[in-house]
Amino acid sequence: MENQLLVSLSEKYGSPLYVYDAEKIISQYNRITSAFANVKSLKLNYAVKANSNISILKLFKKLNSGIDTVSIQEVKLGLEAGFAPEDIIFTPNGVSLEEIEEVAKLGVQINIDNISILEQFGYHYPNIPVCVRINPHIMAGGNHKISVGHIDSKFGISIHQLPLINRVVDNTGMTINGIHTHTGSDILDIDVFLAATEIILNTAKDFKDLEFIDLGSGFKVPYKEGDISTNIEELGERLSKRFNKFCKEYGKELTLMFEPGKFLVSEAGSFLVNVNVVKQTTSTVFASVDSGFNHLIRPMMYDSYHHIHNISNPNGRERYYSVVGYICETDTFGSNRRISEIREGDVLCFNNAGAYCFSMSSNYNSRFKPAEVLVYNGKDYLIRKEETFEDLLKNQIIIDIE
Ligand SMILES: Cc1ncc(COP(=O)(O)O)c(C=O)c1O
């Protein structure tokens, strides 16, 4: 989005502010569907956790997407956005049997990632087909905190436990209608996806009642200048061939599913903040902004990089800055960044703010969560108001302290 538009949105809606570009979301969605155009039955289930604003969900609904959910609350948000239960898959980790039962009763596809729940669910509901999440023991992902398919990961049922899955299926009479895997996020190397696919297809051939194979996500997007994204086009070509061959051997046209989050919404988002203070210290120049890790935790949580630029003074003399938040702990968005001269009152823009940014925000330091705006068909829409003091008090019960 143009700097001028972003500055005007910051003035119109206040700061800090999340802004999402619907056009970018749509083009990323179309990139994946085009890449896999040779697969007869393809289904993308947008990973709600990346950005769960209902208007964003409605945009995905309009694109014919399904959704991937990890909590009953995400399922209910999806239903609220108009998704049919059969367009929702529930892929939780470590949740109770009761929560899974509640979701299953809504008619949503269940994906189970441990033997204990598989056995209990199969025993109680042998007539509800389920998908199983397989851990293929592959190390993949941008860093260890987002690598989830390796042997030490808590996710999925080990590939070595297939005999046990089969035993549970035989003993309970349940049906396995899908095989799923997801090995991590920010995976650049398409050979990693293909290696995981090989393992999963090898596993899948032993299940007789499959309707779909879900290969999760983890597609990387560019963060820095010169960064590249997962080559979806090449992946689409190679993986589609392999998948189509599998379907032929299996004797049935299965649905190929993916559940991307970051690839679909990360680049569509900009986070706009105002500079409160420019502070020269002995070692650096700090630009302190009217936000913090309460609004965007990714840099502090897993060292993620968000490109920061000064959109209200884009052509000033460039200097090196540490851009920091107002939280009373170390709260660094970016160190030693070369940015066009920052003045107090300037508007800074953080790129890649569409995924895992607002959805991970909190009220830490008793700050309000910011507003969100969607730019759709050339118009800007407020899709979430900034919180108010009443929101902070809403669930608190004030007792008399004598
Ligand atoms: C099971 C599952 N599917 C999909 C995703 C989305 O991954 P990404 O945002 O990398 O596309 C995640 C991310 O945590 C996940 O855990």
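Report follows, based on the coordinates. (Residues numbered from 1 in each chain as written. Predicted model: local features only at pLDDT ≥ 70, side-chain atom pairs only at ≥ 80, totals over all residues.)

## Overview of the pairing of strand β2 (residues 42-47)
Along a regular strand, successive side chains alternate from one face of the sheet to the other. Two elements, β2 and strand β10 (residues 255-258), share three bridges in a ladder whose sense is parallel. Among the inter-strand pairings, L42 is bridged to a residue of β10, identified as L256. Note: β2 against strand β3 (residues 66-69), three bridges, orientation parallel. If you follow Y46 over to β3, its bridge partner there is I67. Chirality of the crossover, the property in question, places the unit of β2, helix α3 (residues 54-62) and β3 among those that are right-handed. (Pairing = 2+ DSSP bridges. Helix = DSSP H or I, 4+ residues; strand = E, 2+ residues; numbered from the N terminus. Right-handed = clockwise from strand over helix to strand, strands pointing away.)

## A look at helix α8 (residues 190-204)
For α8, built from 15 residues, the straight-helix expectation of 21 Å at 1.5 Å per residue is met to within 8% by its first-to-last C-alpha distance of 21 Å. By the burial criterion, the buried members of α8 are F193, A196, T197 and I200. Buried residues of α8 fall within an arc of 105° about the axis and therefore sit on the same side. Check the buried side of α8 and you find it contacts β6 (130-135), β8 (176-180), β9 (212-214) and α9 (232-250). (Expected span 1.5 Å × (residues − 1). Buried ≥ 20, exposed ≤ 12 C-beta atoms within 10 Å, placed from the backbone. Arc of directions from axis to C-beta. Contact = placed C-beta atoms within 7 Å.)

## Considerations on the packing of helix α6 (residues 115-124) against helix α7 (residues 162-172)
In the contact formed by α6 and α7, the axes pass within 9 Å of each other and the chain directions differ by 15°. Classified by the angle their axes make, α6 and α7 are roughly parallel. Of the two elements, α6 crosses α7, and the hand of that crossing is right-handed. Of α7, the residues touching α6 (which contributes I115, L118, E119, G122 and Y123) are L164, I165, V168 and T172. A class-by-class count of the residues in the contact of α6 with α7 yields six nonpolar, two polar and one charged. (Axes fitted to C-alpha atoms, helices over the stretch in contact; angles between N-to-C directions. Parallel < 35°, antiparallel > 145°, perpendicular 65-115°, else oblique. Left-handed = near helix turned anticlockwise from the far one by under 90°. Nonpolar A, V, L, I, M, F, W, Y, C, P; charged D, E, K, R; others polar.)

Without other data, these values stay purely geometric and don't point to any function.
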